[in-house]
Amino acid sequence: MAPRLQLEKAAWRWAETVRPEEVSQEHIETAYRIWLEPCIRGVCRRNCKGNPNCLVGIGEHIWLGEIDENSFHNIDDPNCERRKKNSFVGLTNLGATCYVNTFLQVWFLNLELRQALYLCPSTCSDYMMGDGIQEEKDYEPQTICEHLQYLFALLQNSNRRYIDPSGFVKALGLDTGQQQDAQEFSKLFMSLLEDTLSKQKNPDVRNIVQQQFCGEYAYVTVCNQCGRESKLLSKFYELELNIQGHKQLTDCISEFLKEEKLEGDNRYFCENCQSKQNATRKIRLLSLPCTLNLQLMRFVFDRQTGHKKKLNTYIGFSEILDMEPYVEHKGGSYVYELSAVLIHRGVSAYSGHYIAHVKDPQSGEWYKFNDEDIEKMEGKKLQLGIEEDLEPAKSQTRKPKCGRGAHCSRNAYMLVYRLQTRERPGTPIQVPAFLQELVDRDNSKFEEWCVEMAEMRKQSVDKGKAKHEEVKELYQRLPAGAEPYEFVSLEWLQKWLDESTPTKPIDNHACLCSHDKLHPDKISIMKRISEYAADIFYSRYGGGPRLTVKALCKECVVERCRVLRLKNQLNEDYKTVNNLLKATVKSDGFWVGKSSLRSWRQLALEQLDEQDGDADQSNGKMNGNTLNKDESKEERKEDEEELNFNEDILCPHGELCISENERRLVSKEAWSKLQQYFPKAPEFPSYKECCSQCKILEREGEENEALHKMIANEQKTSLPNLFQDKNRPCLSNWPEETDVLYIVSQFFVEEWRKFVRKPTRCSPVSSVGNSALLCPHGGLMFTFASMTKEDSKLIALMWPSEWQMIQKLFVVDHVIKITRTEGGDAHPSETQYISEPKLCPECREGLLCQQQRDLREYTQATIYVHKVVDNKKVMKDSAPELNVSSSETEEDKEEAKLDGEKDPDFNQSNGGTKRQKISHQNYIAYQKQVIRRSMRHRKVRGEKALLVSANQTLKELKIQIMHAFSVAPFDQNLSIDGKVLSDDCATLGTLGVIPESVILLKADEPIADYAAMDDVMQVCMPEEGFKGTGLLGH
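Throughout this document, residue positions are counted from 1 along each chain, in the order its sequence is written. The predicted origin of the model limits local features to residues at a pLDDT of at least 70 and limits the giving and counting of side-chain atom pairs to 80 or more, whereas totals for whole chains, interfaces and linings rest on all residues. No hydrogens and no water enter the side-chain calculation; it runs on all heavy atoms of the structure.

Chemist: Could you give an account of the environment of asparagine 370, naming the residues involved and the relevant values?
Modeler: By the criteria applied, helices consist of DSSP H or I runs no shorter than four residues and strands consist of E runs no shorter than two, each listed in order from the N terminus. With respect to the helices, strands and loops of the structure, asparagine 370 is situated in strand β19 (residues 366–370). Considered as a pair, asparagine 370 and glycine 90 are 280 residues apart in the sequence and their alpha carbons are 7.6 Å apart. When checking whether two residues touch, look at their non-hydrogen atoms; a contact exists if any pair is within 4.5 Å. For asparagine 370, the contacting residues outside a window of four places in its chain are Arg345, His353 and Ile355. A 3.5 Å cut-off defines polar contacts: any pair of N or O atoms within that distance qualifies, except that in protein one atom must be a possible hydrogen donor and the other a possible acceptor, and neighbouring residues in sequence count only when both atoms are side-chain atoms. Only 2.6 Å separates the side chain of asparagine 370 from the side chain of histidine 353, close enough to count as a polar contact.

Chemist: I'd like to hear about the state of the cysteines, residue by residue, with values.
Modeler: Two cysteines, two sulfur atoms, one covalent bond between them: this is a disulfide. The disulfide criterion used throughout: a pair of cysteine sulfur atoms within 2.5 Å. Scanning all chains against the criterion turns up zero disulfides. In this structure cysteine 511 is a free cysteine whose sulfur lies 9.5 Å from that of cysteine 513, the closest cysteine sulfur available.

Chemist: Go over the pattern of salt bridges, please, and point to the residues and values.
Modeler: Salt bridges are identified by distance alone: a Lys or Arg side-chain nitrogen within 4 Å of an Asp or Glu carboxyl oxygen. One pass over the structure, following the stated rule, counts 32 salt bridges. Among the salt bridges present, the one from arginine 418 reaches glutamate 112, with a minimum N-O distance of 2.9 Å. On the criterion of sequence distance, the pair formed by arginine 418 in strand β22 (residues 412–419) and glutamate 112 in helix α5 (residues 111–118) is long-range, its members being 306 residues apart. Here the term buried applies to any residue with accessible area under 20% of the maximum for its type, exposed to any over 50%, and partly exposed to those in between, with areas from a 1.4 Å probe on protein chains only. For arginine 418, a relative accessible area of 18% puts it in the buried group. Since its relative accessible area comes to 22%, glutamate 112 is described here as partly exposed. What you see here is one network of salt bridges that share partners, running through Glu8, Arg33, Asp521 and Arg560.

Chemist: Can you explain the pairing of strand β27 (residues 590–593)? Please cite residues and give values.
Modeler: Across the two faces of β27 the burial is the same, with Phe590 and Val592 and Trp591 and Gly593 all buried. Strands are treated as partners if at least two bridges between them are detected by DSSP. Strand direction decides the pairing type here: β27 and strand β28 (residues 663–666), joined by four bridges, are antiparallel. Bridging from a neighbouring strand, glycine 593 pairs with arginine 663 of β28.

Chemist: Lay out the sheet that holds strand β8 (residues 260–262) in plain terms, naming residues and giving numbers.
Modeler: Overall, antiparallel pairing links the four strands, which are arranged β6-β5-β11-β8 in an open sheet. The open sheet is flanked by β6 (229–236) and β8, the only strands paired with a single partner. Averaged over all adjacent pairs, the angle separating strand axes in this sheet is 25°, with direction ignored. Across three bridges, the pairing between β8 and strand β11 (residues 279–287) is antiparallel. Along β11, the bridge assignment pairs glutamate 260 with arginine 281. Orientation is described by lines fitted to C-alpha atoms, with helices fitted over the stretch in contact, and by angles between N-to-C directions that extend from 0 to 180 degrees.

Chemist: Residues and numbers for the sheet that holds strand β35 (residues 972–976), please.
Modeler: Strand order in the open sheet formed by five strands is β34-β33-β37-β35-β36, and the pairing between neighbours is mixed. Every interior strand has two partners, whereas the edge strands, β34 (943–948) and β36 (979–981), have only one. Ignoring which end each strand starts from, the neighbouring axes of this sheet average 35° apart. Two elements, β35 and strand β37 (residues 998–1003), share four bridges in a ladder whose sense is antiparallel. Along β37, the bridge assignment pairs glutamine 972 with alanine 1003. Relative to β34, helix α29 (residues 954–965) is tilted by about 140°, and along the sheet it contacts β33 (861–867), β34, β35, β36 and β37.

Chemist: Run through helix α8 (residues 182–197), naming residues and quoting values.
Modeler: Any helix carries an expected span of 1.5 Å times its number of residues minus one. Taking 1.5 Å as the rise per residue, α8 with 16 residues should run 22 Å; its terminal C-alpha atoms sit 22 Å apart, in good agreement. For α8, the complete set of buried residues consists of Ala182, Gln183, Phe185, Ser186, Leu188, Phe189, Met190, Leu192, Leu193, Glu194 and Leu197. At the N-terminal end of α8, a side-chain oxygen is found 2.9 Å from the backbone nitrogen of glutamine 183, two or three residues along, and the residue is aspartate 181.

Chemist: Go over the packing of aromatic side chains with me, naming the residues and quoting the values.
Modeler: Under the pairing criterion, centres of Phe, Tyr and Trp rings, with the six-membered ring standing for Trp, must be within 6.5 Å; the plane angle then separates stacked pairs below 30 degrees from edge-to-face pairs above 60, leaving the rest tilted. Enumeration according to the criterion identifies 31 aromatic pairs in this entry. Judged by centre distance (5.6 Å) and plane angle (85°), the rings of tyrosine 217 and tyrosine 219 are edge-to-face. Seen in terms of ring centroids, phenylalanine 784 and tyrosine 833 are 4.3 Å apart; in terms of plane orientation they differ by 10°. Their pairing is stacked. One end of the pair, phenylalanine 784, is in helix α23 (residues 784–788); the other, tyrosine 833, is in strand β32 (residues 831–836), with 49 residues separating them in the sequence. What makes phenylalanine 784 partly exposed here is its relative accessible area of 25%. For tyrosine 833, a relative accessible area of 31% puts it in the partly exposed group. In textbook terms, an aromatic cluster arises when at least three aromatic residues are bridged by ring pairs, as seen for Tyr99, Phe103, Trp107, Phe168, Phe185, Phe189, Tyr354 and Tyr413.

The values are spatial; any link to function lies outside them.
Shown next, in the form of structure tokens:
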């Protein structure tokens, strides 16, 4: 099929030979492309938008191909949620609770602990009703023991693939979104469980934690002088082993039991010798538990950064561990076998994921517990290789080779060993009847859910199949042929065939013309369908208006025919006018604007397209998304403001402009051709006089310019030193030749210099305007000391001779002067400086307070952070200053570029109009503008600009600096004006950070195991551990 543009041309080719009044029904149907050949599936690869009869490639392939039942629903197979045979049950990760799930699985597979918990009495009897549980009331465990009981029963006999431990987590008060220290959780929970079970009457339940996990060691100190031995007995539930500097587990145990020398300041006070003596101290293992928990201290405190870090070093360990060499009393059975390995995946201490490899005590097979997913290891062997390869370490340390029965890991943080001599239970542990009934009830709910999901899947499939056949049949009836037809938008048909979106009512309003019929230009987005299919669509989905054969708009087709013929004629007339313009016209011509002549063809085209454009504006996208009325009004208003043909030579009074450079004389023939397209254009024959008012104004302007030049020259001659900024008096170094100096505002001087430089472009300065330097009470706003320092850029000093000239040339509203006098009889050598008018202390204090308040209450101000190396600033190659808070107007910037002035006060001043309006009330705003301008900072290499607010904390600023310089907050040493910024909770306003401040950044060297930037965000948060949880409540 031909491209869309070719179809467009073919549909209107007849207009070249047919006049508008000769348009027939045949021409109308050709314009609407009624009888174009429909496309054939397989031949046409995609939909032809220019052909309303092409119904290929609109989404029908989904319905005409083979049926895929899964496409009729988004419901997963409920059997995927069913527990597999001979497998364990997983636990849902509630956000960041993987560390809890790993320990629950390890404790569940401790059969002695599980059996003891099953023996605990329960409040479940309150929920019992006769021989069963109340159906309308869910069981809610009341204690930690009951939560564990219920969880263990579900883990043992649930039909689900995984269960939800949220009740247990909620009972402990844990934050599901914050990952905690797994080793700390293990200690605190064992302590809580032991304390809870201590109230039980059954000794097998009461002492289960001690029997399973509790061992004993002694701190033994031996005096080197008398040999006296002191023992301090202590119980332990796990051994915390340092792994730094070690490669094998046995080395870690040996260091734990290593002898320590107490010498020097660390000497031991011997009660036998009654004095401090050199001594040795070591730990002796007295007894070991049935389950030996070995905590590998991978998460250590880094003194350099003040935060935790993870040691990603390999530690080797064997499946069989003989502890006899390490215990004090020999002869017992101390051979342990590995039963669990707890893994932390990730290089950082503040992120990562916890999983557990646990050995089934009954079958001897290894399983990997990863929250909801349980994986059985092949060949009854522990396999850690996959876990070690998931997170590549920064240092490319090669994994050590391990012998048979040995393993090595850089992610294992806890090893659980069980006494090898203990016999494995022959019969499985039985779940108590009341718990089993709860499990059965949950299983019944699960089975009901499975049946419900399966039924929903079946209903969706049946519904999908029925719709598939229905759509398939209806699509085959869509082509209209020679039978009665209607038009529907292509977009609506595509959405009807798209199963992912609900089908909306048909909305054809967007494709209507101004006559409420089908617009000819919209035919490219419409499709012609049979009346049979249209009846079904409107009866099922509603909408309208219906576009039948009567919707073909003859008026639009006739108008389009007229426009096309005019466009064709325009091309010929354009060539004719160009040829006529080449001839020189001496008289009897017409004035035409040069700009209009350059663009007359485009203006004519726009006029011809204006009606079509209005029709397009009234119609937006299909299905009811119309254009905003306000937007179209604004666009029309902008169009009206644009000049029409020959209006570019109109003066403001509606007459011929006086500038002959903007117009040109054309012949009568050329003007008549142009007038055919622009009948309303202003007409100016060659004998037409220019606007008399504009001539008068031009003469007056020339006289004013001459006057301004004369005034500027006179003022420049009268005040040469002030203009050239030479021989200026200074308050800090008072000149000896005078005792009186006069003051004007620096703004007045700047405006005056601007006028003298450009008298034709600037208005003359008439008034000194000293009221801006005074308060509402008429008092001076500056002290003598401030005028020598920070306020010196706001005032300009005048010699007495200059002041006399200023009084002659300008209107002086207020006289401000400073007089130098020698001290009186009391202090004859002391010089005094007296201002007239005198200082107003109240207003001066108010101004200072307002300035300080503004500096401490800013928002979105710019500061600069400069990174220093070896405490030295890098000041080379200064960069262009940032245009963050520039107060320049466009006029000032342009003048600065033209004049090339070196004084920064010239090209950084505000526009004259704004400054003239300054009064007593808005003096503070004026003061702020001047200060901001005069204290602008020039950015240098190694420096970056940041937008900050006074109320944000130093910690938030450090995070901004981290993103700008890639330096972690705990590696940042910040200072301003020699003052160290260390209080992370303090705001920038209280720390004295003001706009345009420069903060020095000294970065510490990064540590070897530096974590990812995402973890740094967590490091910035205060660590509260398990504060506020149920683990600390007991």
